[in-house]
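Tertiary structure, described
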Amino acid sequence: MLKQIEGSQAIAEAIGLCRPEVICAYPITPQTHIVEGLGQMVDRGEISPCEFINVESEFAALSVAIGASAAGARAYTATASQGLLFMAEAVYNASGLGLPIVMTIGNRAIGAPINIWNDHQDSLSMRDSGWIQLYAETNQEAVDLHIQAFRLAEELSVPVMVCVDGFILTHAYERVDIPEQAQVDAFLPPFEPRQILDPIHPVTIGAMVGPEAFMEVRYLAHYKQMQALGLIPELAEAFQEQFGRDSGDLIKPYRSEDADTIVVALGSVNGTIKDVVDELRDAGMSIGSLAISTYRPFPHKAVRSALEHVKRIVVVEKSLAIGIGGIVATDVQMAVAGLHKPVHTVVAGLGGRPITRDSLRKLFHRADSGHLERLEFLDLKHDVVHEEIARMEAGRRSGPIAENILHSVGTVASQIR
Amino acid sequence: METTIKFYQTDTFTVGNRLLSESERSVQAGMQRTNALNSGHRACQGCGEALGARFAVDAAMRAAGNDLIACNATGCLEVFSTPYPESSWQLPWIHSLFGNTAAVATGVAAAQRVKGTKTRVLAQGGDGGTTDIGFGCLSGMFERNDDVLYICYDNEAYMNTGVQRSSATPPAARTATTVPVGQHSNGNVFGKGKSVPLIAMAHEIPYVATASVADLRDLEAKVTKAMSIHGARYIHIHVPCPLGWGADPAHTIKLARLAIESGLFPVFEAEHGEITGHRAIREQVPVEDYLKLQKRFAHLFRNPKQVAVIAQLQAIADRNIRRFKLLEKSSLNTGGTAV
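Residues numbered from 1 in each chain as written. Chains lettered and ligands numbered in written order. Predicted model: local features only at pLDDT ≥ 70, side-chain atom pairs only at ≥ 80, totals over all residues. Heavy atoms only, no water.

**As for the interface of chain B and chain A**
Counting from both sides, the interface comprises 37 residues of chain B and, opposite them, 37 residues of chain A. Here chain B meets chain A over a buried area of about 2,800 Å², counting both sides, of which 65% is carbon and sulfur. When residues of chain B are sorted by the area they lose upon contact with chain A, Tyr-84, Leu-97 and Val-114 of chain B head the list and together hold 21% of the total. Taken together, chain B and chain A are joined by three salt bridges. Between Arg-144 of chain B and Glu-56 of chain A there is a salt bridge, with its nearest N and O atoms 2.8 Å apart. For the interface between chain B and chain A, the tally reads 13 residue pairs in polar contact (both at pLDDT 80 or more). When residues of the side of chain B that touches chain A are traced back to their parent elements, those giving at least two are strand S1 (68-72), helix H2 (76-81), strand S2 (93-95), helix H3 (101-115) and helix H5 (135-144) of chain B. The element contributing the most residues to the side of chain B that touches chain A is H3 of chain B, with 11 residues. (Contact = heavy atoms within 4.5 Å. Buried area = accessible area lost by both parts, 1.4 Å probe. Salt bridge = Lys/Arg side-chain N within 4 Å of Asp/Glu carboxyl O. Polar contact = N/O pair within 3.5 Å; in protein donor to acceptor, adjacent residues only side chain to side chain. Helix = DSSP H or I, 4+ residues; strand = E, 2+ residues; numbered from the N terminus.)

See the structure below:
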């Protein structure tokens, strides 16, 4: 049913249709509306049977989901930013135990300085945790990915993160087609756990594993996740058959077949990128884009074949691997290793800095004329950082960078156009 | 089968099972005991935790009609019982992390509710996993009144990692991180640490109890009673650690008994935040009798003997005697203790 609906509410409704049996709720911006919506749905009896558990921290939220999932219940939780970092230990644990938990990440920056707005540093910091990571471009895709995520998680017995840009998607009202219960039921069968805490057939889950077997266990975790590279396209196809929508899959190329320049990105910024690509295509530029929908496991082959023919690759990413440059760009470079393609890393939109069409247009023009650096920071206020660098180099003890910047130039936010 | 006695305990004040009627016999005495933590595990000789866990889990198994799931924190109990590919657990058992056992148990209990099963849930961990790193999750579980029995096996330090101080380490005790050095240090500081049983009572959960491996019948009875109640329940069991305490493995039970009889480890029960019973002490023994048997307190007895420090410990014991009315007639009626 088509609805004009907030992203978080749409996600909550999608989760409800997946018949979760245990939902753990802890508030963190910008994830809050999702669990609020689910709480109301459980209260109205729209999700039943279901245990809605208010916990004391994100660490407990995922831990409760771990217990519930190990005991055979379909378990769900959602978090963001510091919350994801706080539950990091349990994040690795859930995948190590092979528990098919689904968790929404309302992507948000990580402090300090504290910042509640969107970037991808949180989920990308968990890229090696053994969770499958799917990134939604629109709220429609967010809804569709959650439905696919449960099936994916349960078929492979691997936890799945569905990453949704905080505020940009979670708090945006869009027209979203919410599926019917019967459709979802036909796509997503009841949860059949691979292994369960059962008093009739007792098992020990979470034994201590020494050097003689730990490598093998990790290898098998890797092997299992790599199987998702085959399963995700299959599920996307099955989903299209069932729901009539093309959602998910490994990658989403756009006007890229004959492009000299391809812009690679995760999440909602692909919408803006596609608009600019359309504009520049009309103006005669040979440009296309590539959205990475599945970031873990990383679809190396698919990305490589989508980029084989290009002259240059521009990775626009909302994260910074401090000390090296780009997180996603590193994966893309691996994918095109040996092809001798220049890969430009463009760090953009950190802490919710808007990524405007104007900025992207200028960036892509520079890329097209071969003037792009290997590592760029989109819309970085060079005067501000130079002033701070000068202060640091002057040998004075400088205080926290953010406070210095605010002190010397007034609020940065007021200067954003 | 019912008349067969597989085990009975002597050499403590506990009455031998042969003298008791069948209904009063301990869980461990029966051939039907589940042996849920079976033999062959890798605990040290004289391990109080292994003993306490065996009695507690078997009693819980009987009370639950063997329909029980156990969650375990990281620690000695997990490490010595589940070296892959082996396991000593004869019941469904999960270990997730050091600090989240109470939350995992909450999840397991939630799954039982949603599935409509009657399976009961037990969570267990050492004092580090309970009073320190797992404390937030434990408090959350209490606050939600989740249907979980949480058992803490308190051996008063982080024994699994090499005997470091926990918030359950008694004052003046030597651990790897509270080393008595020079004139001004006497081991662990006074006035720190926390009593999780009292904190549990402050959550007003249905049932809180302390118990000891010195009194296994009482321990079994308390677990049985806790299992008859639904909601969050907490049992804190004192389990000497010969290795960490620097004690003779043959002295585990003796030390546990001296801890009770000196007043250092008060044994009591509470329901909904009110103390409802205590185990009486016939005659208070001086704390010195308890301290002298352990190397972790040896620095108190070297020349010059730390009389003032020992007096401070005695004062703690005396305060417990007054506070929990330990010298008054026992009001515990959990079966098998007072004769």
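**Considerations on the pattern of salt bridges**
This model, assessed by the stated rule, comprises 37 salt bridges over all chains. The partner of Asp-144 of chain A in a salt bridge is Arg-245 of chain A, and the shortest N-O contact between them spans 2.8 Å. Taken as a pair, Asp-144 of chain A in helix H7 (residues 139-156) and Arg-245 of chain A in the loop between helix H9 (211-243) and strand S10 (251-254) lie far apart in primary sequence, 101 residues in all. This pair shows no difference in class: Asp-144 of chain A is buried, exactly as Arg-245 of chain A is. Arg-33 of chain B serves as the salt-bridge partner of Asp-58 of chain B, at 3.9 Å between the closest nitrogen and oxygen. Within this pair, whereas Asp-58 of chain B is found in helix H1 (residues 48-63), its partner Arg-33 of chain B is found in the segment before H1, the two being separated by 25 residues in sequence. Take Asp-58 of chain B and Arg-33 of chain B: they sit in the same class, and that class is buried. Connected via shared salt-bridge partners are Asp-275, Glu-279, Arg-357, Asp-358, Arg-361 and Lys-362 of chain A. (Buried < 20%, exposed > 50% of the residue type's maximum accessible area, 1.4 Å probe, protein only.)

**Here's the deal with the nonpolar core**
In this structure, Leu-62, Tyr-76, Leu-152, Leu-307 and Val-332 of chain A together with Tyr-234 of chain B are the most contacted members of the largest nonpolar core, which totals 141 residues. Each residue touching Leu-152 of chain A, except ones within four places of it in the same chain, is listed here: Ile-132, Leu-134, Val-160, Ala-228, Leu-231, Ile-232 and Leu-235 of chain A. (Core = buried A, V, L, I, M, F, W, Y, C linked by side-chain atoms within 4.5 Å.)

**Digging into the sheet that holds strand S7 (residues 268-271) of chain B**
Read across the open sheet, the nine strands follow the order S9(A)-S2(B)-S1(B)-S3(B)-S4(B)-S6(B)-S5(B)-S7(B)-S8(B); overall the sheet is mixed. Two strands in the sheet have a free side with no partner beyond their single neighbour: strand S9 (204-205) of chain A together with strand S8 (274-278) of chain B. Relative to S2 of chain B, S1 of chain B is paired through three bridges, and the arrangement is parallel. When the sheet's bridge partners are listed, Ala-70 of chain B is paired in S2 of chain B with Trp-93 of chain B. (Pairing = 2+ DSSP bridges.)

**Details of the packing of H3 of chain B against H5 of chain B**
Residue and element names in this part refer to chain B. The interhelical angle for the contact between H3 and H5, taken along N-to-C directions, is 40°, at an axis separation of 7 Å. The residues of H5 that touch H3, namely those facing Ala-102, Ala-103 and Thr-106, are Cys-137, Leu-138, Met-141 and Arg-144. Considered class by class, the residues forming the contact of H3 with H5 number five nonpolar, one polar and one charged. (Axes fitted to C-alpha atoms, helices over the stretch in contact; angles between N-to-C directions. Nonpolar A, V, L, I, M, F, W, Y, C, P; charged D, E, K, R; others polar.)

**What about the confidence of the model for chain B?**
Detailed reading of the predicted model is not advised wherever pLDDT is low. All names here are of chain B. Residues with a pLDDT of 70 or more make up 92% of chain B, whose mean pLDDT is 91. Of the regions scoring below 50 in pLDDT, residues 6-11 engages in 18 contacts with residues more than four places distant in sequence or in other chains. Residue range residues 335-339 is modelled with pLDDT below 50. Its contacts to residues more than four positions away, or to other chains, number eight contacts. (pLDDT = per-residue confidence, 0-100.)

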